[in-house]
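Report on the structure
Letter by letter, the chains look like this.
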Amino acid sequence: MPLRELFDRNVEWAEGKTRDDPHFFRRMAEQQSPRYLWIGCSDSRVTANDVLGLEPGSVFVQRNIANIVHTSDMNILSVLEYGIDTLGIEHIIVCGHYGCGGVERALGSDRSALVDHWLQPIVMLYHKHRAIFDAIKDPRARAARMCEINVQMQVRRVAATPSVENAWARGQTLHVHGWVYGMHDGLLRDVGPTLSGTADRDALSSIDDCVLKGASPLSAVQIQALEAFCEHAAD
Ligand SMILES: [Zn+2]
């Protein structure tokens, strides 16, 4: 597509928005008051607002390869601080996705690119528990399991940042969630944990224990419901 066409599409989009809601852009220009902070993957197929069915202005977003929270990453720390202290967001959602190329790469052996430094927390967890992950014979299922575990690890990391701790210490309402998105069905799964204070965080089992426990965090009821939905959707 020629780049010029993107500008044409932009004009069409702005016109459509204004037609549906004449005050939309005036409202947008005045302020943003999102309730949600989304920490997701850079993957072009997982766009926060679309997945959540929300308009611009509803979600404060930080995306990077494989939705990793590096506690020395100025970008994510600044987003957390601004989101919590200034915007007063109430929910931080760490959202991974099945079929994540970053997670799949971390389970492979190629360490030749800069991104391999970025993926290091997943790589290290994989190596530490290699026997458990490699026992999952289907590579897609193995990567899916790591997607879930990775989200659970990053929730723990978010909850360990001073910005989150300080919010909880002053009594601010703030919940941290771990979700995974299925690109094959468009549905979100809550794989946990959900943390609403330091007591929740400190009572959590370690990420190593989560790996050792092995089972998918989704309840049987949830899995059944999702399968039924997918079958129905395929009809
Ligand atoms: Zn991804």
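The structure we're discussing is the one just above.
These numbers come from a predicted model, not from an experiment.

Counting its regular elements, the protein chain contains 13 helices and five strands. C-alpha atoms of the protein chain, sized along the principal axes, occupy 60 × 50 × 40 Å. The buried share among the 235 residues of the protein chain stands at 29%. Put simply, 68% of the contacts in the protein chain that link residues at least 6 apart link residues at least 24 apart.

With that settled, consider the packing of helix H4 (residues 74-86) against helix H10 (residues 162-169). Running from N to C, H4 and H10 point in directions that differ by 20°, and their axes come no closer than 9 Å. Here H10 runs roughly parallel to H4, going by the angle between their axes. Considering the relative orientation of H4 and H10, their crossing is left-handed. Each of Leu80, Glu81 and Ile84 in H4 lies in contact with H10, whose residues at this interface are Ser163, Val164 and Ala167. Taken together, the residues of the contact of H4 with H10 break down into four nonpolar, one polar and one charged.

Residues of helix H7 (residues 120-128) that are buried: Ile122, Leu125 and Tyr126. All buried residues of H7 project into a common sector of 100° when viewed along the axis, lining one side. In H7, the exposed residues that point more than 90 degrees away from the buried face are Met124 and His127. Looking at the buried positions of H7, the neighbouring elements they touch are helix H5 (101-106), helix H8 (130-134), helix H9 (139-159) and helix H12 (207-213).

What follows covers the environment of Cys147. Structurally, Cys147 can be placed in helix H9. Separated by 45 residues in sequence, Cys147 and Gly102 place their C-alpha atoms 9.5 Å apart. Apart from the residues within four sequence positions on either side, Cys147 is in contact with Gly96, His97, Tyr98, Cys100, Val103 and Val180.

On to the sheet that holds strand E1 (residues 36-41). The strand order across the open sheet formed by five strands is E2-E1-E3-E4-E5, and the pairing between neighbours is mixed. Here the strands that pair on one side only, and so sit at the sheet edges, are strand E2 (59-64) and strand E5 (187-190). Neighbour-to-neighbour, the strand axes of this sheet turn through a mean angle of 25°, independent of strand direction. In this sheet, E5 lies alongside strand E4 (residues 175-182) in antiparallel orientation, the contact comprising four bridges. Counted as the bridge partner of Tyr181 is Leu188 from E5. In the packing of H9 onto the sheet, the strands contacted are strand E3 (91-97) and E4, and the crossing angle to E4 comes to about 160°.

Ranked by size, the top nonpolar core spans 51 residues in total, and within it Ile93 and Val164 carry the most contacts. Ranked by residue count, the leading element in this core is H9, at 10 residues.

Another aspect to go through is the packing of H7 against H9. Where H7 meets H9, the axes come as close as 11 Å, and the angle between the chain directions of the two elements is 115°. Where H7 crosses over H9, the two elements pack in a sense that is right-handed. Between H7 and H9, the contacting residues are Pro121, Ile122, Leu125 and Tyr126 on the first element and Met146, Ile149, Asn150 and Met153 on the second. Tallied by class, the residues present in the contact of H7 with H9 amount to seven nonpolar, one polar and no charged.

With that out of the way, let us pick up helix H1 (residues 3-20). Given a rise of 1.5 Å per residue, 18 residues ought to cover 26 Å, and the 26 Å separating the end C-alpha atoms of H1 matches this to within 8%. Summarising burial for H1: zero of the 18 residues are buried, a small minority.

Each neighbour pair has its own omega, and for Gly192 with Pro193 the value is -10°, a cis peptide bond. Along the polypeptide, Pro193 turns up in the loop between E5 and helix H11 (198-203). Non-glycine residue Ala66 carries a positive phi angle of around 70°. With respect to the secondary-structure elements, Ala66 resides in the loop between E2 and H4. Its 27 C-beta neighbours within 10 Å are what place Ala66 among the buried residues. Here Asn67, not a glycine, exhibits a phi torsion of approximately 40°, which is positive. As for its placement among the helices and strands, Asn67 is situated in the loop between E2 and H4.

Quick notes on the rules
Residues numbered from 1 in each chain as written. Predicted model: local features only at pLDDT ≥ 70, side-chain atom pairs only at ≥ 80, totals over all residues. Helix = DSSP H or I, 4+ residues; strand = E, 2+ residues; numbered from the N terminus. Buried ≥ 20, exposed ≤ 12 C-beta atoms within 10 Å, placed from the backbone. Contact = placed C-beta atoms within 7 Å. Axes fitted to C-alpha atoms, helices over the stretch in contact; angles between N-to-C directions. Parallel < 35°, antiparallel > 145°, perpendicular 65-115°, else oblique. Left-handed = near helix turned anticlockwise from the far one by under 90°. Nonpolar A, V, L, I, M, F, W, Y, C, P; charged D, E, K, R; others polar. Arc of directions from axis to C-beta. Pairing = 2+ DSSP bridges. Core = buried A, V, L, I, M, F, W, Y, C linked by C-beta atoms within 7 Å. Expected span 1.5 Å × (residues − 1).

None of the figures reported here should be taken as evidence of function without further support.
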